[in-house]
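Residues per chain, in single letters:
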Amino acid sequence: MIRTEELTKEYNGNIAVDRLDLEVKPGTVFGFLGPNGAGKTTTILMLTGMIEPTSGRSFINDVDVREDPLEVKKIIGLLPEGVGFYDHLNGFQNLDYFASFYNMEKEKRKERIDSLLLMVGLYGIEQKVGGYSRGMTQRLGLAQALLNDPAVIFLDEPTSNLDPQGVLQMRETIKKLSDEGKTIFFSSHVLSEVSQVCDTVGIISEGRLVECGGLEEIKKKLNAEKTVRIIVETSTKMPNLEHKDIVKTEYFENRVIIDAKYDIREAISKMIYEEEVLILELRIEESSLEDIFMKSIYDTGGD
Amino acid sequence: MSGIWIVARKEFLDGITSKKFIVIVSLLLLIFTVAINEGIESYNESLERYKEDMTITKDTPDALPPRFMSNKPSILYIFMNLSSLFGLIGPILSIALGFDLISGEKDRGSLKSLLSHPVYRDAVINGKAIGGISALTVAMLIVTSLSIGFLIISNVVPTGDELVRILIFMGMSLLLMLSYFSVSLMSSTVAKNSTRAIFYAILLFVVLSYIVPLAGFFVSQQIVGDMPEYPGSTKVIQVESMNESSDGVVYTSEIDIKEQEQFEREMQEYFEETQRVREIFLVVDPSSSYQKISYSLLNTGFRQNYGFYGGSMYEGSHEEDLTITESMSGSWPSLVTLIVLPITMFAIAYMRFMRMDLR
């Protein structure tokens, strides 16, 4: 559904996106994760035909974006970062202007706009957009992205500047759209957002895609490259533990944190049992998405 | 409806329903009313003098020599006041209408929203230009109709020739406004935000209308050199046979006729030369071009020449009224300026907008 081949963008000699190869399957919610300035927005603008790449190609539903950006715009929807509207018009009038580019009949257009305004909770509000709150503008932005009932939806930092309730509403809407079979390309630098709504994740740093795959897949992949942390707590003083796979230990009174090459919880359990000490807790500490993200970014020299 | 007309329609409707437009039309009407009112007063005074002279010559044909007879005033003189005032105000109003056409969209973030829908970039910039030009045209049509209506209410009825000249004059006023509208559209496209856009547009207005003509003046002085010296100012003749003053010397300002003619020729050449150089600089100034055309158009006896004491704004011989084509014959370079400048500015705006970074 979304595919890029060596997609590159340079601004005055600075590479914003560096030979990006990406494939997002139909019907998935793809989280495009990266710190500010990593190249997320530039990638989205290239994928939506808003800016031309310096080199490389991108395809939406097999339509070459560079060759036919207008055709691509007919099948996509975009909620840009910092979306804005015409302050002197109300929500309906703004959407009606954008909808007029789709050759929709007036009645059909009105019907579609009304249903979208209802969906984002702005139906019947006659107030000019200039008086909207940031959250209302963002919701109207989502409505304008869905005007043409697009198969592929690009959301650039959709939850930024939203209050917690707004974030929840946005999440629900994304899930609803995903259930309808839409492909969603969701960019964010907020990790919890991505883990909440996305099936697959791509991590971008300094214009390069450093990781890409399913959430669990990425966790496993990165966990394989590091030691396993085991935390043990006993009822009395912690005995001394020795094992060939233990890399590092940190002892407290009745507690130890072990970094091991593998999951050696069974061996540790045996050792403590033999010392006739009661185990209160024995658990492995998993990497959070945040750990993976930070590791991906810093291992590639990102900020 | 294709993208360009959707954008143009919105821009036009936004333009004519905006508070800014209402203020602009009101200001234009105020300027026109004040200028026309003053013009009508002096027209009526001239007409009275002309009628008095006609009465005198009717009763006693030899009472007034022809050169002392008042000329029959033209309605067109009423619009003379307007051209100089409009040359200053017109550009400012046009800049006010166009400076935020693109930069305003960037400020609000609506440009990204707009371009994410199936519309080409060129349709957006062309549509905005068409919408803005249409709004300005409507403003001028309103002002023209009301001005002519005001004349008729004041019992000043133009002849066919005068009406055509008034309409051409209004057309030229529109061209002047379009010139600065294109300057502001270009600034709006180049600038990062609306504050910078209005600053660039006003800066360009000052440069084109004041700095460049001033530079032309200084450059012409440098190229042509000093003004020929008036022979009478240094000539001292000692005439012993005439009545002597206390020191026995008579100072006189009498000059030899040949020297006087020679001086006048040199002065004529000097002014022609300086004016030629200045004209090169004035080519980029739409306000000067507008005033030059207006003067030629509204003064039916005006013939372009480089006068003894200066520029081309001075009247030539008043033999008989010129036709519109004859009046305009010396104004083609100015007309070209009023056409080429907006096209150039629009071309820059177009190219810049097509390559604009949308991040």
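Residues numbered from 1 in each chain as written. Chains lettered and ligands numbered in written order. Predicted model: local features only at pLDDT ≥ 70, side-chain atom pairs only at ≥ 80, totals over all residues. Heavy atoms only, no water.

**Here's the deal with helix α6 (residues 121-153) of chain B**
Move 1: Look at α6 of chain B: 48 Å from first C-alpha to last across 33 residues, which is about the 48 Å you get at 1.5 Å a residue.
Move 2: Positive backbone phi, at 65°, marks N155 of chain B, one or two positions downstream of α6 of chain B. (Helix = DSSP H or I, 4+ residues; strand = E, 2+ residues; numbered from the N terminus. Expected span 1.5 Å × (residues − 1).)

**Description of the interface of chain B and chain A**
Quite often, the size of an interface is put as the accessible area lost when its parts meet.
Move 1: Taken residue by residue, the interface counts 22 residues in chain B and 26 residues in chain A.
Move 2: Summing both sides of the interface, chain B and chain A together bury roughly 2400 Å²; the carbon and sulfur share of this comes to 64%.
Move 3: Contact with chain A buries surface across chain B, with H117, P118 and R359 of chain B losing the most and accounting together for 27% of the total.
Move 4: Taken together, the connections running from chain B to chain A amount to 0 salt bridges. (Contact = heavy atoms within 4.5 Å. Buried area = accessible area lost by both parts, 1.4 Å probe. Salt bridge = Lys/Arg side-chain N within 4 Å of Asp/Glu carboxyl O.)

**Points about the confidence of the model for chain B**
Residue and element names in this part refer to chain B.
Move 1: Taken over all residues, the pLDDT of chain B has a mean of 82, while the share at 70 or more is 83%.
Move 2: Least confident of the elements in chain B is helix α11 (residues 324-329), whose mean pLDDT is 78; most confident is helix α5 (residues 110-115), at 94.
Move 3: Every residue in residues 238-244 is under pLDDT 50, and counting partners more than four places away or in other chains gives 5 contacts.
Move 4: Scored below 50 in pLDDT, residues 306-318 shows 42 contacts in the model against residues more than four places distant or in partner chains.
Move 5: The complex model carries a pTM of 0.78, and its ipTM stands at 0.78. (pLDDT = per-residue confidence, 0-100.)

**Focus on the packing of helix α8 (residues 194-224) of chain B against helix α9 (residues 257-282) of chain B**
All names here are of chain B.
Move 1: Relative orientation of the contacting elements α8 and α9 amounts to 145°, with a least axis distance of 8 Å. As α8 packs across α9, the resulting crossing turns out to be right-handed. Of α9, the residues touching α8 (which contributes V212, P213, A215, G216, F217, V219, S220, Q221, I223 and V224) are Y270, E273, T274, V277, R278, F281 and L282.
Move 2: A per-class count over the contact of α8 with α9 returns 11 nonpolar, 4 polar and 2 charged. (Axes fitted to C-alpha atoms, helices over the stretch in contact; angles between N-to-C directions. Left-handed = near helix turned anticlockwise from the far one by under 90°. Nonpolar A, V, L, I, M, F, W, Y, C, P; charged D, E, K, R; others polar.)

**Topic: the environment of S26 of chain B**
All names here are of chain B.
Move 1: Relative to the helices and strands, S26 is located in helix α2 (residues 19-59).
Move 2: Among the residues examined, S26 registers a relative accessible area of 41% and is labelled partly exposed.
Move 3: For the pair S26 and A139, spaced 113 residues apart in sequence, the C-alpha separation works out to 9.5 Å.
Move 4: There is a polar contact of 2.6 Å between the side chain of S26 and the backbone oxygen of I22. (Buried < 20%, exposed > 50% of the residue type's maximum accessible area, 1.4 Å probe, protein only. Polar contact = N/O pair within 3.5 Å; in protein donor to acceptor, adjacent residues only side chain to side chain.)

**Some points on the sheet that holds strand β14 (residues 279-285) of chain A**
Hydrogen bonds between backbone groups are what pair the strands of a sheet, and the pairing can be parallel or antiparallel.
All names here are of chain A.
Move 1: Taken together, the 4 strands give an open sheet; going across it, the order is β12-β13-β11-β14, and neighbouring strands pair in antiparallel fashion. The strands lining the two open edges of the sheet, one partner per strand, are β12 (246-251) and β14. Put simply, the sheet's adjacent strands are angled 15° from each other on average, direction ignored.
Move 2: With 5 bridges joining them, β12 and strand β13 (residues 255-260) adopt antiparallel strand pairing. Each bridged residue has a counterpart across the sheet, and for E250 the counterpart in β13 is I257.
Move 3: The sheet strands contacting helix α9 (residues 265-274) are β11 (228-234), β13 and β14, and the helix crosses β14 at an angle near 160°. (Pairing = 2+ DSSP bridges.)

**Topic: the sheet that holds strand β5 (residues 63-64) of chain A**
All names here are of chain A.
Move 1: Sheet architecture is open: 4 strands sit in the order β2-β1-β4-β5, paired in antiparallel fashion. At either end of the open sheet lies a strand with only one pairing partner, and these are β2 (14-24) and β5.
Move 2: Looking at chain direction, strand β1 (residues 2-11) and strand β4 (residues 55-60) are connected through 5 bridges and run antiparallel. What sits directly across from E5, in β4, is R57.

**Points about helix α1 (residues 40-47) of chain A**
Move 1: Of all 8 residues in α1 of chain A, 8 are buried; the element is thus mostly enclosed.
Move 2: Where α1 of chain A ends, the next residue or the one after it, G49 of chain A, has phi of about 75°, a positive value.

**Some words on the packing of aromatic side chains**
Move 1: Evaluation of the coordinates by the stated rule reveals 19 aromatic pairs over all chains.
Move 2: Judged by centre distance (6.1 Å) and plane angle (55°), the ring pair of F85 of chain A and F98 of chain A falls under tilted. Here F98 of chain A lies in helix α3 (residues 91-99) and F85 of chain A lies in the loop between β6 (76-79) and α3, a separation of 13 residues in the sequence. A single burial state applies to F85 of chain A and to F98 of chain A, both of which are buried.
Move 3: Note on F346 of chain B and Y350 of chain B: the rings are 6.4 Å apart at their centroids and 45° apart in plane angle, and the pair reads as tilted. Here F346 of chain B and its partner Y350 of chain B are both found in helix α12 (residues 332-354), 4 residues apart, which amounts to about one turn of the helix.
Move 4: Take Y350 of chain B: its relative accessible area is 27%, and that puts it in the partly exposed class.
Move 5: For the cation-ring pair, R3 of chain A lies above F59 of chain A, with the distance from its terminal atom to the ring centre recorded as 4.4 Å.
Move 6: The ring of Y97 of chain A is capped by K10 of chain B, whose NZ or CZ atom sits 5.1 Å from the centre of that ring. (Phe/Tyr/Trp six-rings, centres within 6.5 Å; stacked < 30°, edge-to-face > 60°. Lys NZ or Arg CZ within 6 Å of the ring centre and 35° of its normal.)

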